[in-house]
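# Structural characterization, general
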Amino acid sequence: MPNASSWSASSPLLLLWEDSSGTRIFLSLLYAVLAISGTLSNVMVIYLVFSFKKLQTTSNAFIVNGCAADLSVCALWMPQEAVLGLLPPNSSSLRSPEYRLLRGGLLGLGLTVSLASHLLVAFNRYVLITKLPSVYQALYQRKHTGCMIGLSWALALLLLPLLPGLWTPGSAQQPPPRHTDGSSRYTALLLALAVLGQTALLLHCYLGIVRRVRGSAKRVSVLNFHLLHQLPFPAAPPPPRRAQRRLSSVSVLLLCCVFLLGTQPLVWVSLLGFFLRPAPPALQAASWLLLCALSALNPLLYTWRSEEFRRAARSVLP
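The text that follows walks through the structure, step by step, so that each part is easy to find. (Residues numbered from 1 in each chain as written. Predicted model: local features only at pLDDT ≥ 70, side-chain atom pairs only at ≥ 80, totals over all residues. Heavy atoms only, no water.)

### Notes on the overall build of the chain
When its secondary structure is counted, the chain shows 12 helices and zero strands. Each helix and strand of the chain, placed in order from N terminus to C terminus, yields the pattern α-α-α-α-α-α-α-α-α-α-α-α. Counting over 318 residues, the chain shows a buried share of 50%. For the chain, the share of sequence-separated contacts (at least 6 apart) that also reach a separation of at least 24 residues comes to 79%. When the accessible surface of the chain is summed, it comes to about 15200 Å², and 70% of that surface belongs to carbon and sulfur atoms. (Helix = DSSP H or I, 4+ residues; strand = E, 2+ residues; numbered from the N terminus. Buried < 20%, exposed > 50% of the residue type's maximum accessible area, 1.4 Å probe, protein only. Contact = heavy atoms within 4.5 Å. Areas by Shrake-Rupley, 256 points an atom, 1.4 Å probe, with all protein chains shown as cover.)

### Some words on the packing of aromatic side chains
Aromatic ring pairs: the centre-centre distance and the angle between the two ring planes describe each pair. As enumerated under the stated definition, the model contains three aromatic pairs in all. Geometrically, the ring pair formed by Phe62 and Tyr140 is edge-to-face, given 6.1 Å between the ring centres and 70 degrees between the ring planes. Here Phe62, found in helix α3 (residues 58–84), pairs with Tyr140, found in the loop between α6 (133–139) and α7 (142–162); they are 78 residues apart in sequence, far enough to count as distant. On the basis of an interplanar angle of 35 degrees and a centroid distance of 5.0 Å, the ring pair of Tyr136 and Tyr140 is categorised as tilted. For Tyr136, a relative accessible area of 6% puts it in the buried group. Judged by relative accessible area, Tyr140 falls into the buried class, the value being 7%. (Phe/Tyr/Trp six-rings, centres within 6.5 Å; stacked < 30°, edge-to-face > 60°.)

### Remarks on the pattern of salt bridges
For the structure shown, the criterion picks out four salt bridges. Between Arg314 and Glu307 there is a salt bridge; the shortest N-O distance is 3.2 Å. Since its relative accessible area comes to 53%, Arg314 is described here as exposed. Between Arg311 and Glu308 there is a salt bridge whose closest N-O contact spans 3.9 Å. In this pair, Arg311 and Glu308 are both assigned in helix α12 (residues 307–316), three residues apart and thus about one turn of the helix distant. Among the residues examined, Glu308 registers a relative accessible area of 13% and is labelled buried. (Salt bridge = Lys/Arg side-chain N within 4 Å of Asp/Glu carboxyl O.)

### Brief notes about a nonpolar patch on the surface
Together, Ile25, Leu29 and Leu86 make up a nonpolar patch on the protein surface, roughly 300 Å² of accessible area in all. Its location among the elements puts Leu86 in the loop between α3 and α4 (92–95). (Patch = residues over 30% accessible without salt bridge, like charges linked within 9 Å, V, L, I, M, F, W, Y side chains within 5 Å.)

### Some points on the environment of Ile25
The topology assignment puts Ile25 in helix α2 (residues 21–51). Linking Ile25 and Leu86, residues 61 residues apart in sequence, is a C-alpha distance of 6.4 Å.

### Some remarks on the nonpolar core
In terms of nonpolar packing, the biggest core is built from 63 residues, with Trp77, Met78 and Tyr206 touching the most fellow members. Those elements that provide at least two residues to this core are α2, α3, α5 (97–130), α7, α8 (182–215), α10 (241–275), α11 (281–303) and α12. (Core = buried A, V, L, I, M, F, W, Y, C linked by side-chain atoms within 4.5 Å.)

### Observations regarding the packing of α2 against α12
Relative placement of two packed helices is described by the angle separating their axes and the distance separating the axes. Interaxial distance between α2 and α12 falls to 10 Å at its minimum, and their mutual angle equals 95 degrees. Taken together, α2 and α12 sit at an angle that is classed as roughly perpendicular. Of the residues in α12, those touching α2 at Val45, Tyr47, Leu48 and Val49 are Phe309, Ala312, Ala313 and Val316. Residue classes in the contact of α2 with α12 are distributed as eight nonpolar, no polar and no charged. (Axes fitted to C-alpha atoms, helices over the stretch in contact; angles between N-to-C directions. Parallel < 35°, antiparallel > 145°, perpendicular 65-115°, else oblique. Nonpolar A, V, L, I, M, F, W, Y, C, P; charged D, E, K, R; others polar.)

Pasting the structure below:
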């Protein structure tokens, strides 16, 4: 049975202290399922937006940006993890630092842009619902939208060389604190604080939408925007006002709960490891797995309540 040092030099998520073959096979199958489902769903959303003019809205531009980022996780990174989990622990592929750096770069680039896209979508919807139409039109011109998308990728590319350990969770799975250097602890803290800040802004936007819709459902129903169909609640035909407010709140809160479930375990595991003691390796791996699984769920989060997406999908699928 391989020792701990062989695990620390291998895959950042799959290889835990529980190094039985059954565990590795199970996690490899899990990554394979997430890779296939996430790749198909992200490709489908991108294809529908580019194929149907009604779906070519500002909000969907940010959604497509997130789907493109999620593809680097689902289509490029997850299949490698699924295969590496089945290789012997002493495989030369696992020990190559260049290959590990490549996998970490794919993961970091995809997750950083994906999290930024979540925030861009939330802020876009917040401005649409809570501000005047003239403010929305001035802020979300085509060139401004392109700059926002470009900045999300520039930020991700800037973080990768400056903080090489930020998206390398393997450093967080060293067994005792004495094997964890100070830089990895501080990068984990920086990661936790960044995700916390992003989550606070996202919740502020969506809770602001809920308050505005509950207070003035009539205002939402008369807005003549194509983007209204991309909200996480139905816009037409409108149900009775009380039922509409209730459905709107539940849909938005459900989206927020799924996002929190995917991001917050890693945040608190990282904070626990910095201020107190490292969490068990299995808990660390589970927190990273939840964050990565969000890349496969994102297309469903933003399209499951959209009638326009459902019509487009029905016209494409047999």
